[in-house]
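# Fold and contact review
The chain contents come next:
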Amino acid sequence: MKCKGFLFDLDGTLVDSLPAVERAWSNWAKSRGLDQDEVLGFIHGKQAITSIRHFMPGESEEAIQKQFLLLEKTEAEDTVGISALPGAVELLHRLNELSVPWAIVTSGSVPVAHARHAAGELARPEIFITAEQVARGKPNPDPYLLGAEKLGLKPEECVVVEDAPAGILSGLAAGCKVIAVNAPDDAPGLDKVDLVLQSLAALQIEAGQDNEFIISLTNG
């Protein structure tokens, strides 16, 4: 594969935040009298406000926003157990070493995304797309279209790296190449992605020609 830039999801792709995510949403579900498994099965890869609206049909916008702010505060403050996923730190270091343009494109809000990014001790991207910057979140193409635009690249020149079904569909809809990492076996769109990986450590990046970079898999 060849590309000119990378667009990374954050949670589940670069950092393992699953315990913190599930703690926050399980407690929220319990406080609302909702089925925890149903809530956890819906939320991944989506903006929090989208999930809250889904589980609060008919409620006022004021009530929805109140719940969002409470949940956002919980998620931003609880970073216990969050760490970089295997290969993430090394991959971002390699991209910086080669001057490869890259961005983080997350469904999280600024407080939550920045807290988890810091907890993972990851290199900081020049472009950090969060929920506040797009009207329509994943699985719509808007987040990754904006990420490509901010990098100054066409969507087809970018590789999206994603773990969640909503994010995979977003990357495909944007017209990007897509690498799925740690994605569920039954994720919709998985048959259309360019690579399916268990770990970012499998990726090897080399400089090519005409501002392109070559993506290959390690032998290990």
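See the structure printed just above.
Let us look at the structure shown here. (Residues numbered from 1 in each chain as written. Predicted model: local features only at pLDDT ≥ 70, side-chain atom pairs only at ≥ 80, totals over all residues. Heavy atoms only, no water.)

## Quick word on the sheet that holds strand E5 (residues 102–105)
Pairing in this open sheet of six strands is parallel, and the strands run E6-E5-E2-E7-E8-E9 from one edge to the other. The sheet is open, and its two edges are formed by strand E6 (127–129) and strand E9 (195–197), each paired on a single side. Here the strands of the sheet are splayed against their neighbours by 20 degrees on average, with no regard to which way each runs. Both strand E8 (residues 177–181) and E9 contribute to a ladder of three bridges, which runs parallel. Within E9, the position partnered with isoleucine 179 by the bridge is leucine 195. Of the strands in this sheet, strand E2 (5–8) and E5 are in contact with helix H5 (residues 88–97), which crosses E2 at around 150 degrees. Contacts from helix H8 (residues 165–174) reach strand E7 (158–162) and E8 within the one sheet, and its direction differs from that of E8 by about 165 degrees. (Pairing = 2+ DSSP bridges. Helix = DSSP H or I, 4+ residues; strand = E, 2+ residues; numbered from the N terminus. Axes fitted to C-alpha atoms, helices over the stretch in contact; angles between N-to-C directions. Contact = heavy atoms within 4.5 Å.)

## Considerations on the pairing of E7
The buried fraction of E7 amounts to five of the five residues, a majority that puts the element mostly inside the structure. Residues of E7 alternate between two faces, with Cys158, Val160 and Glu162 on one and Val159 and Val161 on the opposite face, all of them buried. After leaving E7, the chain enters H8 and then returns to the sheet as E8, a path that is right-handed. (Buried < 20%, exposed > 50% of the residue type's maximum accessible area, 1.4 Å probe, protein only. Right-handed = clockwise from strand over helix to strand, strands pointing away.)

## Observations concerning the pairing of strand E10 (residues 203–207)
As paired elements, E10 and strand E11 (residues 213–217) share five bridges and run antiparallel to each other. Paired with glutamine 204 across the two strands is serine 216, which belongs to E11. Hairpin connection from E10 to E11: five residues lie between these consecutive antiparallel strands, with aspartate 210 at a positive phi of about 55 degrees.

## Some details on the sheet that holds E10
A sheet is described by the order of its strands in space; here three strands give the open sequence E1-E11-E10, paired in antiparallel fashion. Sheet topology places strand E1 (2–3) and E10 at the edges, where each strand pairs with a single neighbour.

## Side note on H5
Burial in H5 covers these residues: Ala88, Leu91, Leu92 and Leu95. Projected down its long axis, H5 shows its buried positions confined to an angular sector of 95 degrees, all on one face. H5 presents Glu90 and His93 as exposed residues on the side facing more than 90 degrees away from its buried surface. Buried residues in H5 make contact with E2, E5 and E10. Just past H5, the residue serine 99 takes up positive phi, approximately 60 degrees. (Arc of directions from axis to C-beta.)

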